[in-house]
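Reading the structure
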Amino acid sequence: MKTDYIPRVVLVTGTSQGIGEAIARSFLQQGDIVIGCAFSPLEKAPHVREMQAEYPQRYHYYSVDVTQTQQIEQFVSKAEKQYGRIDVVVSNAGKNVFKGIDCDESDWSHNLDLNLRSHWYLAKCARPALQKSHGVILIITSNHAFSTMPGCAPYNITKRALLSLVQSLTIEWGPEIRTVGIAPGFIDTAGNQAWFDGHPDARIARDKTVKKHPVGRIGKPEEVGELCLFLSSEKAGFIAGTTIVMDGGRSAIMQDEDDA
């Protein structure tokens, strides 16, 4: 951290693990103040406690169910009251709702609330503060927004809708607020490792997945965090209204050899 660096106030949802945790760490390592949230209570979030111990003055955490609009309102209000400003919002919280297109209505509704409405409502609540700071909104979607696989609905449907949310926020709230989307592909998180472990041979499953990526590996959570740092900086000031895919070239492949 540079000694003359002026910390920004950054809201990050879904910080208890995986990509959200890595995003929070990236901002903290740069010297920013991070106010994070996730569904898990503090006692069930060991990574959160680790970050609190490492950055006791600059990392704050709240247990928030982002499917509940009132809880989102309270989260944003607490953050602004605590520091008097919000400079960056990283709307990351979500989960894989892989139920298939014939899913129950309850799965459909939960997916819409968690993977779409929560992003819109978080942005809506943070808008007044971000207008004052001329801030940035980053929305984490998925490469499933561009192409998907059987059984991944209704998740992929909301991820596709987030592309339009990024566009609408940009054209209706700019130039005071700049909005960009990020669509990660296969990132090496505990959740994805659990998916590997669900196969008869986890090593074979991982190797098969790695071979589908032209860069020869799957992504690292901290790489998403580093991209967030760049996109929220003045260096990226001309990037708005678009969603950047980071999937190691996976989407460039027309067809897998073993699927031919």
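It should be noted that the structure appears before, not after, this text.
Scope of this entry: the structure provided in the associated data block. In this text the structure is predicted, and so the values were computed from the model without any measurement.

1. Considering the pattern of salt bridges
In the structure shown here, the tally under the stated rule is 9 salt bridges. For the salt bridge of Arg203 with Asp207, the shortest nitrogen-to-oxygen distance reads 3.2 Å. Taken as a pair, Arg203 and Asp207 lie in helix α7 (residues 202-211) at a separation of 4 residues, close to a single helical turn. Residue Asp207 is classed as partly exposed on the basis of its relative accessible area of 33%. Residues joined in a network through salt bridges with shared partners are Glu21, Arg25, Glu50 and Glu54.

2. Details of the packing of helix α4 (residues 105-133) against helix α5 (residues 155-173)
Packing of α4 against α5 leaves a shortest axis separation of 9 Å and a crossing angle of 15°. On the basis of their axis angle, the class for α4 and α5 is roughly parallel. Like other packed secondary-structure pairs, α4 and α5 cross with a definite hand, here right-handed. From α4, Trp108, Asn111, Leu112, Asn115, Leu116, His119, Trp120, Ala123, Lys124 and Arg127 reach across to α5, where they touch Tyr155, Ile157, Thr158, Lys159, Ala161, Leu162, Leu165, Leu169, Glu172 and Trp173.

3. A closer look at the packing of aromatic side chains
Under the counting rule described, the total for this entry stands at 4 aromatic pairs. Taking the centre distance of 6.2 Å and the plane angle of 75° together, the rings of Tyr62 and Phe75 count as edge-to-face. Highlighted residues: Tyr62 in strand β3 (residues 59-63) and Phe75 in helix α3 (residues 69-83), separated in sequence by 13 residues. Using a relative accessible area of 24% as the deciding quantity, one classes Tyr62 as partly exposed. Classification of Phe75 as buried rests on a relative accessible area of 3%. Seen from their ring centres, Phe186 and Phe196 are 5.4 Å apart, and the 25° between their planes marks the pair as stacked.

4. Here's the deal with the sheet that holds strand β2 (residues 33-38)
With respect to topology, 7 strands assemble into an open sheet ordered β3-β2-β1-β4-β5-β6-β7, the strand pairing being parallel. The open sheet is flanked by β3 and β7 (243-246), the only strands paired with a single partner. The average undirected angle you get between the axes of adjacent strands in this sheet is 15°. Pairing of strand β4 (residues 88-91) with strand β5 (residues 136-140) involves 4 bridges; the strand directions are parallel. Of the residues in β5, the one forming a bridge with Ser91 is Ile139. Contacting β1 (9-13), β4 and β5, α4 runs over the sheet at an angle of about 180° to β4.

Each value, and the rule that gives it
- Residues numbered from 1 in each chain as written.
- Predicted model: local features only at pLDDT ≥ 70, side-chain atom pairs only at ≥ 80, totals over all residues.
- Heavy atoms only, no water.
- Salt bridge = Lys/Arg side-chain N within 4 Å of Asp/Glu carboxyl O.
- Helix = DSSP H or I, 4+ residues; strand = E, 2+ residues; numbered from the N terminus.
- Buried < 20%, exposed > 50% of the residue type's maximum accessible area, 1.4 Å probe, protein only.
- Axes fitted to C-alpha atoms, helices over the stretch in contact; angles between N-to-C directions.
- Parallel < 35°, antiparallel > 145°, perpendicular 65-115°, else oblique.
- Left-handed = near helix turned anticlockwise from the far one by under 90°.
- Contact = heavy atoms within 4.5 Å.
- Phe/Tyr/Trp six-rings, centres within 6.5 Å; stacked < 30°, edge-to-face > 60°.
- Pairing = 2+ DSSP bridges.

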